[in-house]
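Here's the letter readout for the chains.
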2 protein chains.
Amino acid sequence: MKIIVDGMGGDNAPQEIVKGATMAAHELAQLDPEIFVGIIGPEELMLNCLRAENWDCSDPQRISDDVCRYGNIDIINATEVITNDEAPAMAVRKKKDSTIVKAMTMLKSGEGDAFVSAGSTGALLAGGLVTLGRIKGIRRPAIAAWFPKMHTGGTTLLLDCGANVEAKPEYIFQNGIMGAMYVEGVKGVKNPEVMLLNIGAEDSKGDELHKEAHKLLAGSSINFGGNIEGRDVAVADCEVVITDGFSGNVFLKGSEGVALAIMKQFKKKLTEGVLARMGALLAYNKITELKEMFDYSDAGGAPILGLKGAVMKVHGNSKAIEVYYGIMKAIPYVRNNVTQMIADAVTQNAELFRSGEEDK
Amino acid sequence: MKIIVDGMGGDNAPQEIVKGATMAAHELAQLDPEIFVGIIGPEELMLNCLRAENWDCSDPQRISDDVCRYGNIDIINATEVITNDEAPAMAVRKKKDSTIVKAMTMLKSGEGDAFVSAGSTGALLAGGLVTLGRIKGIRRPAIAAWFPKMHTGGTTLLLDCGANVEAKPEYIFQNGIMGAMYVEGVKGVKNPEVMLLNIGAEDSKGDELHKEAHKLLAGSSINFGGNIEGRDVAVADCEVVITDGFSGNVFLKGSEGVALAIMKQFKKKLTEGVLARMGALLAYNKITELKEMFDYSDAGGAPILGLKGAVMKVHGNSKAIEVYYGIMKAIPYVRNNVTQMIADAVTQNAELFRSGEEDK
C-alpha cells in the first residue's frame, strides 16, 4: 500500500508536510513494512526537506524516472503546484505535472492507494472528477468532516461540508449512503445511524429539498434515524449527520467559530488577575482535558467521498501532526476498500439512485 | 403605549409570564407612566396569577368588556389558546378569541402597540400574516435573533432564523433592509453594516441564491459589507448578518448547541476532583463573566420583522426574566417606529423591491 501526501499543499508546505510524512513513516516501519508513504513534489526540494528531518537518505533506490525510494518513503517528482488562487477546473487541465493531478493519476493507475493533501479543496475536487472520476451511480462527490461529540467524546461524521452548494435531494441521499459506508469502513461501526440536519425534528419539517431527501433516505438500505436539529448535533448519538453543501458548510464553520471564540475567551478570562491564574493552575489538568475535547487535529482530515479513489483533504493550515493523522486515517480507508463499499451500496439501492437521474 | 404579552404562551405560562409582566410594569411605573403592560389570556386565570405576584389589584378600572386595568397593567380577556401542536394557518383562522389572534387584532386597531409571546412561532407568523399583514413591498416576514459578539461583547442581529425555508434572493435582500432598520431603530446605530452569511468571503462565492442576493444588496441603500463565513460570525464586527431561513436556522441552533455543550463540559470538568473545584472557586468571578458572555437571556427575544406591527417572539422555555426583557426591548421598537422605518426603506429601494415580483 502507498499513501501519497502532497508535499506542496497548504500554508506550511513543504517542511511541515514532510515532517508529518516522516512521523507516519517511522511508525509504519514498525506496524507494517508493506505500507509506503509517498511524498509528491519537486524532487530536490522534497529530498532536502527529508534530510532536514534527519531521515536516512543514504541508500536511495531509483524505482522509476519519477520515483526514488528512501526506506519506506518514496519521493515522487512533480514539478508544478496548483495554488488556492487558481481557477481549479482550468488549473487541473493545464497543470498535468502538478502534485494534485499527478497523484490522482497514480491513484487511477494503481501506483498509489490514497492521496492526502492540505492544498486547494477546489483543485482536489476538480482533479478528482477529471482524473479519477466518480463511482458509478454517484452524482456528486461530497466533503466529509469529523465533528466532536461533546457529551461522550468521539466524533460524528458530517457531510456535505461544501462540495455541492447547489444541492438536489438525490445528492443529500447519496451523502447518507457514502457517510454510512465510510464510518463503517474506517471506524468498524456496523450499520451506523445516519440523521438528516434539518430545521425541525418531525418528518414533515424543512424545505422541499430536505423533505424529498428524507423520503429517499427512509426508503433506503441504510440505518436512517430521521431529522436532527442544529442544536442537537454537538450532542448527537448518531454516527453520521448529512445535509446539503451550503448549510453543511455554514453549520460546520459556524460551530468551529463559536468553539474557538469560547475557548479563546476562556483562556483570556483565566489569565486575568492573580486569583484566576491560580485557579487555572489548580484546574490545569481538567482545562487541558477540555481543550483536547474540542481539538480537531486528530480527526485525520476530511475525505472527499464518491470518487474512484481515496482522497483526503487536511486543513490548509495543517502542521506535521495533522498531516501524520491524515496519513494514518487513510490506511483503513484503503484497507477496508471504502470506495468499493460505496459502489456496492449504490448497487444495493439502485432503484433510489436512478431517482432524478434525468437532470444528471 | 401598550405592550401586550401573551399570558398563555410558552412552557412556563401563565405564572412566569405574568411575573415577567409585573417586573416590567414595576420598572415602567417609574420610567414612564404612559406605558402600560397588557396581559392577554382568560381573565380570571390572569387575575389570579397577578394576585399571586402580590400585584395591587384592589382598585380595578373596567376599560371595556374585555379589558380591566390594575395600575399600569391591563388584563385583556382572551378565552382560547393556540398550542404548538396545532396547524398554525388553520388555528389562527378558527380561534379568533385566542391570545395570539386577539392581540394581533388589537395591534391592528391601535389598541395595542407591540405583542410579546413565548407561544408557537408558526402561529405568530400565520397570525401576523392573516391579521396584521405585511408591510407594503415586503415579500416575506423574517425572524431575527441576537447573536453574542464573542470577542467584544454586545450582539449581532441574525436573520432569517427560520421564517422562510424556501428562500428567494429578494427575501434575503429584504432581510438586509429589515435587519438594518431594526438595529438602527432599537440600538440607535446609524447605517449599521450588514453582511451576507455565505460559504466564502469573495463576492463570487456561494450558490445562485446567495450570489443573486449579494447583487441586490450591493446595489441597495444599506451599508452592505459583503460575504461573511460561518466561522467569523461569532467574532463579527458588523451589526447584522443575513441569510435564508434554512441555513440561518441551522447556523443559529448549531452555534447555540455547541456553546451549551462546551459550557456544560466546562462546568463538569471544573467540579471533578478537589483541585479543579478549588481552582474553579478561585476563578469564580471570571467564570461567571464567561457564563454571562454566552447568556442569551437579556437579548430580549426575536422580532418578527416585515409585519405591520411590532411582534416579538421569546423562547418557548422563557422564564420571567426573558419575558421582562422581551417587554422592555419592545419599547424602542415601538417608540422609534421601526415598522415605519422599514416601510420608508422599502420606498427608498423601490426599484430593487420590484425585482422578482412576478413570482410573488
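Computed from a predicted structure; not experimentally measured.

### A closer look at the interface of chain A and chain B
Point 1. With 51 residues of chain A at the interface, the matching set in chain B holds 52 residues.
Point 2. Of the roughly 4,400 Å² buried between chain A and chain B on both sides combined, carbon and sulfur atoms contribute 74%.
Point 3. When the buried surface of chain A facing chain B is broken down by residue, Ile199, Arg231 and Phe246 of chain A rank first, second and third, together holding 15% of it.
Point 4. Here chain A is connected to chain B by four salt bridges.
Point 5. Note that Glu256 of chain A and Arg231 of chain B form a salt bridge whose closest N and O atoms lie 3.6 Å from each other.
Point 6. Run the count over chain A and chain B and you get 10 residue pairs in polar contact (both at pLDDT 80 or more).
Point 7. Contributing elements (two or more residues each) for the side of chain A that touches chain B: β9 (193-198), α7 (208-218), α8 (230-233), α9 (245-269), α10 (274-282) and α11 (284-293) of chain A.

### Describing the side chain of Thr339 of chain A
Residue and element names in this part refer to chain A.
Point 1. Looking at the element boundaries, Thr339 is found in helix α13 (residues 338-348).
Point 2. Note on Thr339: relative accessible area 18%, which makes it buried.
Point 3. In contact with Thr339, not counting residues within four places along its chain, are Ile135, Leu307, Lys308, Gly309, Ala310 and Tyr333.

### Quick notes on the packing of aromatic side chains
Residue and element names in this part refer to chain A.
Point 1. Under the criterion given, the structure shown has eight aromatic pairs over all chains.
Point 2. Between Tyr324 and Tyr325, the aromatic rings sit 5.1 Å apart at their centres with planes inclined by 65°, giving edge-to-face as the arrangement.
Point 3. Residue class for Tyr324 comes out buried when judged on its relative accessible area of 12%.
Point 4. Feature note: the residues Trp146, Tyr182 and Tyr333 constitute an aromatic cluster, connected by ring pairs.
Point 5. Lying across the ring of Phe36, Arg69 places its NZ or CZ 3.8 Å from the centre.

### Observations concerning the domain arrangement of chain A
Residues and elements named next belong to chain A.
Point 1. Segmenting chain A into domains produces domain 1 (1-138 + 306-337) and domain 2 (145-297).
Point 2. On a C-alpha basis, the centroid separation for the pair domain 1 and domain 2 is 27 Å.
Point 3. Here domain 1 meets domain 2 over a buried area of about 780 Å², counting both sides, of which 62% is carbon and sulfur.
Point 4. Summed over the three residues of domain 1 that lose the most area to domain 2, namely Leu125, Ile138 and Tyr333, the buried surface amounts to 39% of that side.
Point 5. In this assembly, domain 1 and domain 2 are joined by zero salt bridges.
Point 6. Remark: the boundary between domain 1 and domain 2 carries two residue pairs in polar contact (both at pLDDT 80 or more).
Point 7. Partitioned by chemical class, the residues of the side of domain 1 that touches domain 2 number six nonpolar, four polar and one charged.

The rules behind each value
Residues numbered from 1 in each chain as written. Chains lettered and ligands numbered in written order. Predicted model: local features only at pLDDT ≥ 70, side-chain atom pairs only at ≥ 80, totals over all residues. Heavy atoms only, no water. Contact = heavy atoms within 4.5 Å. Buried area = accessible area lost by both parts, 1.4 Å probe. Salt bridge = Lys/Arg side-chain N within 4 Å of Asp/Glu carboxyl O. Polar contact = N/O pair within 3.5 Å; in protein donor to acceptor, adjacent residues only side chain to side chain. Helix = DSSP H or I, 4+ residues; strand = E, 2+ residues; numbered from the N terminus. Buried < 20%, exposed > 50% of the residue type's maximum accessible area, 1.4 Å probe, protein only. Phe/Tyr/Trp six-rings, centres within 6.5 Å; stacked < 30°, edge-to-face > 60°. Lys NZ or Arg CZ within 6 Å of the ring centre and 35° of its normal. Domains from an automatic or database assignment. Nonpolar A, V, L, I, M, F, W, Y, C, P; charged D, E, K, R; others polar.

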